[in-house]
Structures are given as C-alpha cells and as structure tokens.
Amino acid sequence: VQLQASGGGLVQPGGSLRLSCATSGRFRSINGMGWSRQAPGKERELVAVISRDGTTNYADSKKGRFTVSRDGAKNTVYLQMNSLEPEDTAVYYCNAEAVTMGWKTVSFWGQGTLVTVSS
C-alpha cells in the first residue's frame, strides 16, 4: 500500500491550502485515514482523523480552521486548511489503516508534503 500526499506549498498568513493523499496498491479495505504534522524541531502531532463512516476528530487547536474529508471510492483523504498561521508551518503526513490482502490491519504513511506559512 502506498500513500501519495500532495498540495503543500508556500502560503501567506490567513491563506488556505488543500492537501490530498491518494492510496494505491492492493488491499481489501481502508479503515481510518488522517493527517499528522511535524514542525521543525518538534515532535509529530495529530491533526485530524476520519473513520470509514465519516466520523471526524481534530486536535483541539485545529478545530474550526481545518476540515478533513475523504472520498471512499478513490481511497483519498483531504485536508482543507483555512486561516493558516506561521505556526502551521510543518511537514504534513497522511496515514491510512488498511486491511491487507493477508487480512492484516496495518497503518501506512505517506512521504509528507511541506506547508510553509510566511509573508
């Protein structure tokens, strides 16, 4: 299973970005999907997750500014980020919990996409 994240870039404070993460490879199904981020010199932190039925959960500081969604048919997860702040600068990683062809539940991670918020 491979995850390919895209959509990062340079944006001014107050701006918006939409990240996408497409899943490919062979698997039986995808359960939860989500996003985490790692800022320079800091540990990776959870941003948002979305379950297979669409239930979402966010880190408290992201509520109201970030929206996670998914396209079940495409096995793709999105992160809409609005009102971005310099503190949102980080590498954003997507992940997916997949049921493999061998009936194992495994968490896979994408390679990360850099978001830089700066004027």
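Everything below is about the structure shown above.
Residues numbered from 1 in each chain as written. Predicted model: local features only at pLDDT ≥ 70, side-chain atom pairs only at ≥ 80, totals over all residues. Heavy atoms only, no water.

Caption draft 1: Representation of the sheet that holds strand β3 (residues 17-24). Within the open sheet, the 4 strands sit side by side as β1-β3-β8-β7. Their pairing is antiparallel. Two strands lie at the open edges of the sheet, namely β1 (2-6) and β7 (66-71), each paired on one side alone. If you compare each strand with its neighbour and ignore which way they point, the axes differ by 15° on average. The sheet contact formed by β1 and β3 spans 5 bridges and is antiparallel. Its bridge partner lying in β3, Gln 2 is registered against Ser 24. (Pairing = 2+ DSSP bridges. Helix = DSSP H or I, 4+ residues; strand = E, 2+ residues; numbered from the N terminus. Axes fitted to C-alpha atoms, helices over the stretch in contact; angles between N-to-C directions.)

Caption draft 2: Just the side chain of Asn 75, in detail. Mapped onto the fold, Asn 75 is located in the loop between β7 and β8 (76-81). Leave out the neighbours within four places in its chain, and Asn 75 touches Cys 21, Ala 22, Thr 23, Phe 27, Ile 30 and Met 33. (Contact = heavy atoms within 4.5 Å.)

Caption draft 3: Structural detail: the state of the cysteines. Enumeration over the complete set of coordinates arrives at 1 disulfide. Residue Cys 21 pairs covalently with Cys 94 via a disulfide, S to S 2.0 Å. The disulfide joining Cys 21 to Cys 94 has a torsion of about 55° about its S-S bond and is therefore right-handed. In this pair, Cys 21 is assigned in strand β3 and Cys 94 in strand β9 (residues 90-99), connecting sequence segments 73 residues apart. When its relative accessible area of 0% is taken as the criterion, Cys 21 is described as buried. On the basis of relative accessible area, Cys 94 is assigned to the buried category, the value being 0%. (Disulfide = S-S within 2.5 Å. Buried < 20%, exposed > 50% of the residue type's maximum accessible area, 1.4 Å probe, protein only.)

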